[in-house]
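If you want the building blocks of each chain, they are given just below.
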Amino acid sequence: MLPSQWDVRADVVVVGSGAARFAAAIEAHDAGASVVIIEKETQFFGGNALLSGGNQQLPANFIQQAAGIEDHPEWGVEDFLIDGDHRNSIELLQLFCNNANDTALWEQNLGIVWNKTPAVQGGNRVARALVPAASPTYPGTNGFSVIYVYNKALNSRGVTVQLGKKLTQLYRPDLTSPVVGIQVQDLLTGKTLNYKANKGVVLATGGFKGNHQMVRDFDPQIDEMYIWSGYPYTHTTGDGHVAAVQVGAGYIDCSWPISFGHNKFGTSVDQVWTPMLNQGDPTKIGPSITSGLSNTSPKYGIMVAADGNRFVNESIWGATDTIEVQSPDMIAYFNLSFKPRNVWAILDATGAKAAGASWALTNFQAATQPNAAPYLDSAYLAWSNTTDGLADQMAISATALDATIARFNGFAAAGKDTDFGRPAPMTPISTPPYQAAKFLIGAHDQPGGIRVNTKMQVLDTQSYPISRASGPSTPLDSEPVIPHLYGAGEFCGGFWGTTRGHGKIGAYTIMGRFA
């Protein structure tokens, strides 16, 4: 049912405020449309792009050409297909790769100064990742720099972001009609507002990795507490996905819904950051700081689960980029058959010294909440002069833990791990005090999302055409769409197959430009 009155009217309503959202709003404005942007965060905007490294994989760009690096859009398509296990949409990859150079130029025209040396990132045969260089016109050389430039471009066009506005519903009168607007909850006043979109709604709401139930619906093994990139500052909880599905949209590539590249030990937050963008003073920007203890810490001790036993060769833990592949350490973690998994890294005094300054016992003793470097959380730490005392704090059987440590110490003395094949040298767990840090998986990104075509129109799954079994499949751009509903950014699926990987701000910008 449509509302009796509209509180806000515009040609285009953009939901979200990351890279894709800004690009969509800029292009819509420059095409002559009136634009409104809403963002549910109440204190800042910019999404995960704001606190990212700012890398942009843009195949066959002009910076590569100037640096003498050969690249082609076709190479980009091939590389991303391999990285995504060939589950990507070729049409969507072609949209991305064929428009990468034009978008690099478009961003330069907005004010971004590119570093003259492209970077190499996983899954790419050549260096093609562009990164902002230092410039007096914006702060930093990262994702904040990109969002700062985008926001400055929007402000010069008279378009601003409305904070504290959460999407709750899309208005589509029936399944044959276009989307005509949205319902919004104003988180600052508690009021319900209705926005009329004369020409279209662009959903650029990010992913749903912060919605544990949605993630578990797609992958039942992800059934325990985890954090996600940007937590606790960004809340990517799938608001746009839920609203889109209610009016006929569908999902793609959600069988492995998230990649785990932000795994943590000893903390409950992903990053520590001072969001200052909407205050307008670039000198006040706080750095995005990685929290917790190193993900390779287990190689200085052992890893145990809830039953008190080891379950993995600790030397492989954190050794593989879990954004790019389903790595052996995460496979071992998810293959634990009991719940809760309650996984900890245990180091003795010798191991803690080798692991570095962050493992200093004084850091453990001072930790309450993660508000001081290295941003540890007392709920995820344990220390004791006895292994029995340590086990009690970890909620693990002391008898089982003592047996595990004794067995491992035997392997260390013999120089051979017959349980998991960990290579020598191994340092025995024998010198107090003993310290432990709890492991918490951290979601970095999502390869899957809502189905769109190359015009970034959201596809209508309620009216799929029926093809004969012997006939050709329906081309992506020939599938029915939900009129006036568009998607962009991590909200969309189909681009990445099984692996999204690093450096996708550029791709999300392209999606926004075409939405």
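A separate point is the confidence of the model for the chain. Close reading of the predicted structure is inappropriate where its pLDDT is low. Overall, the predicted model of the chain reaches an average pLDDT of 90, with 93% of residues at or above 70. This model gives residues 276-283 a pLDDT under 50, and the stretch forms 15 contacts once residues within four places in sequence are excluded.

Attention now goes to the packing of aromatic side chains. Taken as a whole and assessed by the stated rule, the structure comprises 20 aromatic pairs. Seen from their ring centres, Trp 6 and Tyr 171 are 5.5 Å apart, and the 85° between their planes marks the pair as edge-to-face. With Trp 6 in the segment before β1 (8-15) and Tyr 171 in strand β6 (residues 165-171), this pair connects stretches of sequence that are 165 residues apart. Residue classification places Tyr 171 among the buried residues on the basis of a relative accessible area of 5%. With centroids separated by 5.3 Å and ring planes inclined at 35°, the aromatic side chains of Trp 359 and Phe 364 adopt a geometry described as tilted. Each of the two residues, Trp 359 as well as Phe 364, counts as buried. Following the ring pairs from residue to residue traces out a cluster consisting of Phe 265, Phe 311, Trp 317, Tyr 333, Phe 334 and Phe 439.

Along the polypeptide, Gln 56 turns up in strand β3 (residues 56-57). For Gln 56, a relative accessible area of 0% translates into the label buried. A distance of 2.9 Å separates a polar atom in the side chain of Gln 56 from a polar atom in the side chain of Glu 107. Apart from the residues within four sequence positions on either side, Gln 56 is in contact with Glu 107, Trp 114, Arg 128, Ala 129, Leu 130, Val 146, Gly 503, Ile 505 and Gly 506.

Thresholds, definitions, all that
- Residues numbered from 1 in each chain as written.
- Predicted model: local features only at pLDDT ≥ 70, side-chain atom pairs only at ≥ 80, totals over all residues.
- Heavy atoms only, no water.
- pLDDT = per-residue confidence, 0-100.
- Contact = heavy atoms within 4.5 Å.
- Phe/Tyr/Trp six-rings, centres within 6.5 Å; stacked < 30°, edge-to-face > 60°.
- Helix = DSSP H or I, 4+ residues; strand = E, 2+ residues; numbered from the N terminus.
- Buried < 20%, exposed > 50% of the residue type's maximum accessible area, 1.4 Å probe, protein only.
- Polar contact = N/O pair within 3.5 Å; in protein donor to acceptor, adjacent residues only side chain to side chain.

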